[in-house]
Amino acid sequence: MSKKYNVAVVGANGAVGEEILAILSEIDFPINKLVPLASARSAGKKVEYNGKEVTIKELTHTVFKEEDVEIALFSAGGSVSAEFAPSAVEAGAVVIDNTSHFRMDAEIPLVVPEVNPEDIAQWRKKGIIANPNCSTIQMVQALKPLDDAYDIQRIDVSTYQATSGAGKTAMEELVTQMQAFFSFKLDDAQPKAFAHRIALNVIPQIDKFIDNGYTKEEMKMVNETTKIMHKKIPLSATCVRVPTLRGHAEAVTIKFANEVSASAAQEILAKAPNIILMDEPSKSIYPMPSKVLEQNETFVGRVRVDNFDKTILHMFIVADNLRVGAATNAVRIAQKWIEMEGENA
């Protein structure tokens, strides 16, 4: 019988935590004991796993040892990970962290299993594996096979990011504002989660601006791509919040060392792991957020060569940010970690 693991999900009742639980159930992850964890105010509430209700326990520094946790999936905010992830490691667990807190630590691997699974082996340095930013994950999944084939020289990307990327309260704010619009009271719906009203609007700001004129979110895409792909690719990002609930989209322009054909690129993408090519524009078939909900794959379409430079390719990438951009990638890291630990046993 294959080994089963005691698995903790920190932030189990959050948007990403709920998706992690759903995916663990869907793929029949080898769980011996599930330990849902959250703050003291959520302790005692229930979450659903595998058709059953499981009681949330309070996140404390001792709970990982008390519950003999072997895999800890963190998705409760950077400050929570900073405080409690070391306790999980000290208790003997491998931490897979979905926040930005550990991503750029040189001793902590930043992993997208389809791109750099070999980096998981570095987990023993600090006991932690970092999950990248949601927009970075779906982009590098598509970039990796193209880079292998054509050698990427530069990337320019504009994102269209759903409100769920900012959490449950942000999603609720969009819904509340839309309800206010249909009640002719939109002026009364003041923004809280965002700097401006999100309903019937787009906001060219995600996270705070820094001295170079870019936002932290945009620089995450730059720095994380370099770390994951082990290649310093010039990259410029413009990250935009749009009034959708779920599913991030990206318009990506890629310059290669040599000329590229759209058909060859499409063939490469169609064969890439966990990529689905959705590219029949004459039939209005291309990726959209409404078409990828609760899917664990990244969808690519609108693949075309630039009109003026045959070394440039344009494409449109869409994925469910709560799944591919967070929960799915975290669970895939855990699966790969189990596989690699089994090989080393």
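For the structure itself, look to the data block above.
Reading the values: rules and limits
Residues numbered from 1 in each chain as written. Predicted model: local features only at pLDDT ≥ 70, side-chain atom pairs only at ≥ 80, totals over all residues. Heavy atoms only, no water. Helix = DSSP H or I, 4+ residues; strand = E, 2+ residues; numbered from the N terminus. Rg over C-alpha atoms; globule rule 2.2 N^0.38 Å. Buried < 20%, exposed > 50% of the residue type's maximum accessible area, 1.4 Å probe, protein only. Contact = heavy atoms within 4.5 Å. Pairing = 2+ DSSP bridges. Expected span 1.5 Å × (residues − 1). Bend = angle between axes of the 7 residues up to and from the residue. Polar contact = N/O pair within 3.5 Å; in protein donor to acceptor, adjacent residues only side chain to side chain. Patch = residues over 30% accessible without salt bridge, like charges linked within 9 Å, V, L, I, M, F, W, Y side chains within 5 Å. Areas by Shrake-Rupley, 256 points an atom, 1.4 Å probe, with all protein chains shown as cover. Salt bridge = Lys/Arg side-chain N within 4 Å of Asp/Glu carboxyl O. Axes fitted to C-alpha atoms, helices over the stretch in contact; angles between N-to-C directions. Parallel < 35°, antiparallel > 145°, perpendicular 65-115°, else oblique. Left-handed = near helix turned anticlockwise from the far one by under 90°. Core = buried A, V, L, I, M, F, W, Y, C linked by side-chain atoms within 4.5 Å. Phe/Tyr/Trp six-rings, centres within 6.5 Å; stacked < 30°, edge-to-face > 60°.

**Student:** Which parts of the structure should I look at to understand the overall build of the protein chain?
**Tutor:** Helix and strand content of the protein chain: eight helices and 14 strands. Taken over C-alpha atoms, the radius of gyration comes to 20 Å for the protein chain, in line with the 20 Å a tight globule of 345 residues would show. Overall size of the protein chain, expressed as C-alpha extent along the three principal axes, is 65 × 60 × 40 Å. Here the protein chain, with 345 residues, has 51% of them falling under the buried criterion. Long-range contacts, defined as pairs at least 24 residues apart, comprise 68% of the intrachain contacts of the protein chain with a sequence gap of at least 6.

**Student:** Would you explain the pairing of strand 3 (residues 46-49) in this entry?
**Tutor:** Side-chain positions along a regular strand alternate between the two faces of the sheet. Burial along strand 3 is one-sided: Val 47 and Tyr 49 are buried, while Lys 46 and Glu 48, pointing the other way, are not. With four bridges connecting them, strand 3 and strand 4 (residues 52-55) associate as antiparallel partners. Paired with Lys 46 across the strands is Thr 55, a residue of strand 4. Connecting strand 3 to the next strand, strand 4, in antiparallel fashion are two residues, including Asn 50 with a positive phi near 55 degrees.

**Student:** I'm lost on helix 4 (residues 134-150) in this one. Help?
**Tutor:** Side chains three or four residues apart in an α-helix point the same way, a direct result of the helix having 3.6 residues per turn. Its 17 residues give helix 4 an end-to-end C-alpha distance of 25 Å, which sits within 8% of 24 Å, the value for a rise of 1.5 Å per residue. At Leu 143, helix 4 shows its maximal bend, which comes to roughly 30 degrees, and the proline Pro 145 appears one to four places after that position. Taking burial as the measure, the 17 residues of helix 4 include 14 buried ones, the bulk of the element. N-capping of helix 4 is provided by Asn 133, with a side-chain oxygen placed 2.9 Å from the backbone N of Ser 135. Backbone geometry just after helix 4 places Asp 151 at a positive phi near 65 degrees.

**Student:** How should helix 5 (residues 168-182) be read in this particular structure?
**Tutor:** Taking 1.5 Å per residue, 15 residues should reach 21 Å; helix 5 reaches 22 Å between its end C-alpha atoms and fits that length. If you check which residues of helix 5 are buried, you get Ala 170, Met 171, Glu 173, Leu 174, Gln 177 and Ala 180. The first or second residue beyond helix 5 is Phe 184, which carries a positive phi of 60 degrees.

**Student:** Help me out: how do you make sense of the pairing of strand 9 (residues 152-161) in this one?
**Tutor:** The pairing of strand 9 with strand 11 (residues 248-256) spans eight bridges and is classified as antiparallel. Across the sheet, Val 157 pairs through a bridge with Val 252, a residue of strand 11. Here strand 9 pairs with strand 10 (residues 235-241) via seven bridges, running parallel. Residue Ser 158 lies in a different strand from strand 10, and its bridge partner there is Thr 238.

**Student:** Looking at this structure, I do not really get a nonpolar patch on the surface. What am I missing?
**Tutor:** Taken together, Phe 181, Phe 182 and Leu 200 make up a surface patch of nonpolar side chains, about 320 Å² in accessible area. Position of Phe 181 among the secondary structure elements: in helix 5.

**Student:** It is not clear to me how the packing of helix 4 against helix 7 (residues 262-271) should be interpreted in this structure. Could you clarify?
**Tutor:** Helix-helix packing is characterised by the crossing angle of the two axes and by the distance between the axes. It is at 9 Å that the axes of helix 4 and helix 7 come closest, and there the two elements cross at 125 degrees. On the basis of their axis angle, the class for helix 4 and helix 7 is oblique. Judged by the sense of rotation from one axis to the other, the crossing of helix 4 with helix 7 is right-handed. The residues of helix 7 that touch helix 4, namely those facing Ala 142, Pro 145, Leu 146, Ala 149 and Tyr 150, are Ala 264, Ala 265, Ile 268 and Leu 269.

**Student:** I keep staring at the nonpolar core and nothing clicks. Help me out?
**Tutor:** A general tendency of soluble globular proteins is for nonpolar side chains to be buried together. Judged by nonpolar contacts, the single largest core of 57 residues is most densely connected at Phe 64, Ala 72, Phe 74 and Met 315. Considering each element in turn, this core owes the most residues, seven residues, to helix 4. Residue contacts for Ala 72: discarding those within four places in its chain leaves Ala 8, Phe 64, Ala 88, Ala 93, Val 94, Val 95 and Ile 96. Ranked by size, the runner-up nonpolar core spans 35 residues in total, among them Leu 24, Phe 29, Val 47 and Val 331.

**Student:** Is there a simple way to explain the packing of aromatic side chains in this structure?
**Tutor:** Each aromatic ring pair is described using two quantities: the centre-to-centre distance and the angle formed by the ring planes. Applying the stated criterion across every chain, the model contains six aromatic pairs. Centroid distance Trp 123 to Trp 337: 5.5 Å. Interplanar angle 80 degrees. Geometry classified as edge-to-face. Residue Trp 123 is found in the loop between strand 7 (94-97) and strand 8 (128-130), and its partner Trp 337 is found in helix 8 (residues 323-344); the two are separated by 214 residues along the sequence. With respect to class, Trp 123 is no different from Trp 337; both count as buried. Ring geometry for Tyr 150 and Phe 256: centres 5.5 Å apart, planes at 65 degrees, overall edge-to-face. Within this pair, whereas Tyr 150 is found in helix 4, its partner Phe 256 is found in strand 11, the two being separated by 106 residues in sequence. Residue Tyr 150 shares its accessibility class with Phe 256, and that shared class is buried.

**Student:** Would you mind going over unusual backbone geometry with me for this structure?
**Tutor:** What you tend to see is this: most non-glycine residues have negative phi, and most peptide bonds are trans. With a phi close to 55 degrees, Asp 28 is a non-glycine residue in the positive phi region. Within the chain, Arg 302 stands out as a residue other than glycine whose phi angle is a positive 50 degrees. Considering the arrangement of structural elements, one finds Arg 302 in strand 13 (residues 298-305).

**Student:** Please explain the sheet that holds strand 9 as it appears in this structure.
**Tutor:** Within a sheet, neighbouring strands are paired by backbone hydrogen bonds and run either parallel or antiparallel to one another. Read from one edge of the open sheet, six strands run 10-9-11-14-13-12, paired in mixed fashion. Taken across any chain shown, the strands that pair with only one partner, and hence form the sheet edges, are strand 10 and strand 12 (275-277). Across the sheet, the mean angle from the axis of one strand to that of its neighbour is 20 degrees, orientation sign disregarded. Contacts from helix 4 reach strand 9, strand 10, strand 11, strand 12, strand 13 and strand 14 (312-319), with the element oriented near 25 degrees to strand 11. Each of strand 9, strand 10 and strand 11 touches helix 6 (residues 216-229); the most contacted strand, strand 10, lies at about 140 degrees to it.

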